[in-house]
Amino acid sequence: MIKRIDRKALRIKKHKSIRKTITGVADRPRLAVFRSLNHIYAQVINDELGVTMTAASSLDPEFKAANLSGGNNAGAQKVGELIAKKALEKGITQVVFDRGGNLYHGRIAALAESAREAGLSF
C-alpha cells in the first residue's frame, strides 16, 4: 500500500508552525501571502487587533487593468508592487513576512522581492 501525501495538509501544518512565532503588531504588521492555482493574495494584518490594514490581490481592478495573470511570476510581482504602494500610503514601512506555509520560491519570492523594491522592509 502506497502512502499518499496530502500537500494541502502539509502546507497548513507548516503555516501553523510558522504562526507560533510570527505575529503582526501595530508598528510591524504581518504581510500574509496566499497562493492558489490561478490567483495570489497579500494582506497586511495587525494581529493584536485582528484587523486587516490593507490588501491586494490578482482580482483587484488595478491588477486587471495591467492585463496580467495571477498564476505566474509577473502577476505576483505586480501584486507585490500594489501591496507595497497601499501599505506605504497608510504609513506602513516595516512588515513581518508570512509565506503561508509555502516555500520561499517562485511566485512567493517574486511577490516579496517586488514589495521590497517598492519600499517595504522585511
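Before reading further, recall that the structure is shown in the block above.
As the structure is a prediction and not an experimental result, all values here were calculated from the model.

Student: Would you mind showing me how to read the side chain of Asp-60 here?
Tutor: Position of Asp-60 among the secondary structure elements: in the loop between strand E3 (51-57) and helix H2 (61-65). The class of Asp-60 is buried, set by a relative accessible area of 16%. Sequence-distant contacts of Asp-60, that is, excluding residues within four places in its chain, are made with Ala-55 and Lys-86.

Student: Even after reading the chapter, I still don't get the sheet that holds E3, so can you show me in this structure?
Tutor: Sheets are built from strands that pair by backbone hydrogen bonding, the pairs being arranged parallel or antiparallel. Pairing is mixed across the open sheet formed by four strands, whose spatial order is E3-E2-E1-E4. Looking at strand neighbours, the two that pair on one side only are E3 and strand E4 (96-98), the edges of this open sheet. Strand-to-strand, the axes of this sheet are offset by a mean angle of 20°, without reference to chain direction. Examined bridge by bridge, strand E1 (residues 30-35) and E4 share three bridges and lie parallel to one another. Paired with Arg-30 across the strands is Val-96, a residue of E4. With respect to the sheet, helix H4 (residues 107-117) is in contact with E1, strand E2 (40-46) and E4, its orientation differing from that of E1 by roughly 145°.

Conventions we followed
- Residues numbered from 1 in each chain as written.
- Predicted model: local features only at pLDDT ≥ 70, side-chain atom pairs only at ≥ 80, totals over all residues.
- Heavy atoms only, no water.
- Helix = DSSP H or I, 4+ residues; strand = E, 2+ residues; numbered from the N terminus.
- Buried < 20%, exposed > 50% of the residue type's maximum accessible area, 1.4 Å probe, protein only.
- Contact = heavy atoms within 4.5 Å.
- Pairing = 2+ DSSP bridges.
- Axes fitted to C-alpha atoms, helices over the stretch in contact; angles between N-to-C directions.

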